[in-house]
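Here's the letter readout for the chains.
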Amino acid sequence: MKDTALRIADFKDSIFGVISRLAREHGAVNLGQGFPDFDGPEWLKDIAYRKMQEGHNQYAPFPGSISLRTEVSNYYKSLYALSYDPETQITITVGATEAIYVVINALVNPGDEVVVLEPFYDSYVASIKMAGGIPVPVTMHAPDFTVDKGELARAITPRTKLLILNNPHNPTGKVWSRQELLDVCELAIKNDLYLLSDEVYEFLLFDGAKHLPTATFEGMLERTITVSSAGKTFGLTGWKIGWICANERVTRACRLIHQYVTFSVSTPIQEAVAEGLKRLPSYLPGFVELYKSKRDFFHRELTGLGFDFKIPPGTYFMMVPIGSKTKLSDVDFALKLIQDNKVATVPPSAFYLKSRDGERYLRFCFAKKEETLRQAATNLKGL
Ligand SMILES: Cc1ncc(COP(=O)(O)O)c(C=O)c1O
């Protein structure tokens, strides 16, 4: 038999799948993969069921159902004063993951360079490689995960086409400051780059932090492609509804790819998410409070166990330094915790191409029932 495609020759099984399988095999509490172990809101599930009963069951229009595109447009307008035309500037995808693949493949030619800030969400690099592009990593330096502006400037070359930013940031829980965003935007404008802004955790900000969409910065609306998703916001990651907001030209290019990758996305679930987005103002305060209490609880537990780190201002992840507990690398320590302590985490070195910083951390996901978090903390006692 002939070989499979070269473009995937160095791809491995995603770290999330590997950890979840090991967690199952060892009966470990799974704080690895980023999804809640509790269900999303009953009212939204009821709406989805009703939408099926009402007959929203055939293919949706390929750019997305118009009701969902309209509601996406409405919330960008009311929350961020951003105007996106649902007809020509918003596309619905199978989660943010498809959105990322589509945007990268719509923009990147073979040999083009794409700057990724590491640690990164792992699908960025895979999508860049599938497009034939070259990922150029720039490290967010521990412990505050800051980017050195000079280092970022030096990573940009005449072949750089795109820069990818994730805010709030997985896996660190960092929320980028206005000044940090200004610095990145200044370089994007100066070098005429597109900027893919992955904002899937836009509503998971704590302690009064405010989300600053990259597209709202001066000179950035045209060059920013914003990607987000309903999965995190409604705690329904399996619904896989995401979207791309971009200028007309980029939207057209994205749709040309999307039509041949998935064609269209689940109709009743899009209709339900549209209703969900209408209720954001009443839904969000309780949602944020729920995750804040989980974050505070688990941070207290981990610091009580001797882990020393700042409480993250966003997302549902904690990047926890392990140096005080072990000389092992992140991967070996993560395996040991699964086997000996029955707690599964993600070793973040999988999210780096250049720096070895990830070897000194583990990522914990606190989007779990309190009893799950309590059990994990109990299992980690005596480390
Ligand atoms: C930073 C980031 N981007 C994108 C995604 C993918 O989102 P979705 O489940 O909507 O495909 C995730 C999921 O964990 C994520 O953490």
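Residues numbered from 1 in each chain as written. Predicted model: local features only at pLDDT ≥ 70, side-chain atom pairs only at ≥ 80, totals over all residues. Heavy atoms only, no water.

### Notes on the environment of Ser67
At step 1: For Ser67, the position within the fold is in helix α3 (residues 66–80).
At step 2: Between the alpha carbons of Ser67 and Pro86 there is a distance of 9.1 Å; along the sequence they are 19 residues apart.
At step 3: The contacts of Ser67, once residues within four sequence positions are left out, are Glu271 and Ala274.
At step 4: One polar contact links Ser67 to Glu271, side chain to side chain, over a distance of 2.8 Å. (Helix = DSSP H or I, 4+ residues; strand = E, 2+ residues; numbered from the N terminus. Contact = heavy atoms within 4.5 Å. Polar contact = N/O pair within 3.5 Å; in protein donor to acceptor, adjacent residues only side chain to side chain.)

### A look at the site of the ligand
At step 1: Close to the ligand lie 13 residues, the nearest being Thr97, Asp198, Tyr201, Lys232 and Lys240.
At step 2: A distance of 2.8 Å separates an oxygen atom of the ligand from a polar backbone atom of Ala96.
At step 3: In this structure, Asp198 approaches the ligand through a side-chain N or O atom, which is 2.6 Å from a nitrogen atom.
At step 4: Here the shell around the ligand takes four residues from helix α4 (residues 95–107), the largest share from any one element. (Near = heavy atom within 4 Å.)

### Here we look at the side chain of Asn30
At step 1: The residue Asn30 is located in strand β1 (residues 29–30) in this model.
At step 2: Of the polar contacts made by the side chain of Asn30, one reaches the side chain of Ser20; its length is 3.4 Å.
At step 3: Here Gly32 takes part through its backbone nitrogen, which lies 2.8 Å from a polar atom of the side chain of Asn30.
At step 4: Not counting residues within four places of it along the chain, the set of residues in contact with Asn30 comprises Ile19, Ser20, Ala23, Ala344 and Lys368.

### A short note on the packing of helix α11 (residues 280–304) against helix α13 (residues 370–380)
At step 1: Across the interface, α11 lies against α13 with an axial gap of 10 Å and an inter-helix angle of 10 degrees. Put simply, α11 runs roughly parallel to α13. Mapping the contact onto sequence places Lys294, Phe297, Phe298, Glu301 and Leu302 in α11 and Glu370, Leu373, Arg374, Ala376, Ala377 and Leu380 in α13.
At step 2: When its residues are assigned to classes, the contact of α11 with α13 shows seven nonpolar, no polar and four charged. (Axes fitted to C-alpha atoms, helices over the stretch in contact; angles between N-to-C directions. Parallel < 35°, antiparallel > 145°, perpendicular 65-115°, else oblique. Nonpolar A, V, L, I, M, F, W, Y, C, P; charged D, E, K, R; others polar.)

### Overview of the nonpolar core
At step 1: Core analysis: the biggest nonpolar cluster contains 87 residues, and Val72, Trp243, Leu302 and Phe364 have the highest contact counts within it.
At step 2: If one sorts the elements of this core by residue count, α11 sits on top with eight residues.
At step 3: Mapping this core onto the domain boundaries places at least three of its residues in each of domain 1 (6–41 + 284–380) and domain 2 (42–281).
At step 4: Leave out the neighbours within four places in its chain, and Val72 touches Ile90, Ile92, Trp243, Cys245 and Leu277.
At step 5: The next biggest cluster of nonpolar side chains, apart from the first, holds 25 residues, and it includes Val184, Ala188, Leu195 and Tyr352. (Core = buried A, V, L, I, M, F, W, Y, C linked by side-chain atoms within 4.5 Å. Buried < 20%, exposed > 50% of the residue type's maximum accessible area, 1.4 Å probe, protein only. Domains from an automatic or database assignment.)

### What to know about the domain arrangement of the protein
In many reports, interface size means the accessible area that the parts give up when they come together.
At step 1: The domain architecture assigned to the protein consists of domain 1 (6–41 + 284–380) and domain 2 (42–281).
At step 2: Using only C-alpha atoms to locate each centre, domain 1 and domain 2 end up separated by 24 Å.
At step 3: Facing 40 residues of domain 1, the contacting portion of domain 2 comprises 45 residues.
At step 4: With both sides pooled, the region where domain 1 packs onto domain 2 buries about 3500 Å², and carbon together with sulfur makes up 62% of that total.
At step 5: Linking domain 1 with domain 2 are five salt bridges, by the criterion used here.
At step 6: Among the ionic pairs, Lys292 bridges to Asp207, the shortest N-O distance being 3.7 Å. (Buried area = accessible area lost by both parts, 1.4 Å probe. Salt bridge = Lys/Arg side-chain N within 4 Å of Asp/Glu carboxyl O.)

### Some thoughts on unusual backbone geometry
At step 1: Omega for the peptide link from Ala142 to Pro143 comes to 5 degrees, which places this bond in the cis form.
At step 2: Among the secondary structure elements, Pro143 is positioned in the loop between β4 (134–139) and α6 (149–155).
At step 3: For the bond running from Asn167 to Pro168, omega is -10 degrees, close enough to zero to count as cis.
At step 4: Its place among the elements puts Pro168 in the loop between β5 (160–166) and α7 (178–190).
At step 5: Phi is positive for Phe145, which is not a glycine, with a value near 55 degrees.
At step 6: Inspection of the secondary structure puts Phe145 in the loop between β4 and α6.
At step 7: Assessed through its relative accessible area of 6%, Phe145 is described here as buried.
At step 8: Its identity as a non-glycine residue notwithstanding, Lys240 has a phi of 55 degrees, on the positive side.
At step 9: Note on placement: Lys240 falls in the loop between α8 (230–233) and β8 (241–245).

### Describing the pattern of salt bridges
At step 1: A full pass over the atoms with the stated rule returns 22 salt bridges.
At step 2: Beyond isolated ion pairs, a larger network of salt bridges with shared partners links Asp207, Lys292, Arg295 and Asp296.

### Description of the packing of aromatic side chains
At step 1: Enumeration over the complete set of coordinates arrives at 22 aromatic pairs.
At step 2: For the ring pair Tyr75 and Trp243, a centre distance of 6.1 Å and an interplane angle of 75 degrees mean the geometry is edge-to-face. One end of the pair, Tyr75, is in helix α3; the other, Trp243, is in strand β8, and 168 residues separate them in sequence.
At step 3: The buried category is assigned to Trp243, whose relative accessible area is 1%.
At step 4: Consider the rings of Tyr76 and Tyr80, whose centres lie 5.7 Å apart with planes at 65 degrees: the pair is edge-to-face. (Phe/Tyr/Trp six-rings, centres within 6.5 Å; stacked < 30°, edge-to-face > 60°.)

### So, the sheet that holds strand β6 (residues 194–198)
At step 1: Taken in spatial order, the seven strands of this open sheet run β2-β8-β7-β6-β5-β3-β4, and their pairing is mixed. Every interior strand has two partners, whereas the edge strands, β2 (90–94) and β4, have only one. Taken over all neighbouring pairs, the strand axes of this sheet differ in orientation by 25 degrees on average, direction set aside.
At step 2: Where strand β3 (residues 113–118) meets β4, six bridges bridge the pair, whose relative direction is parallel. Bridge pairing links Val114 to Pro135 in β4.
At step 3: In the packing of α4 onto the sheet, the strands contacted are β2, β5, β6, β7 (224–229) and β8, and the crossing angle to β7 comes to about 160 degrees. (Pairing = 2+ DSSP bridges.)

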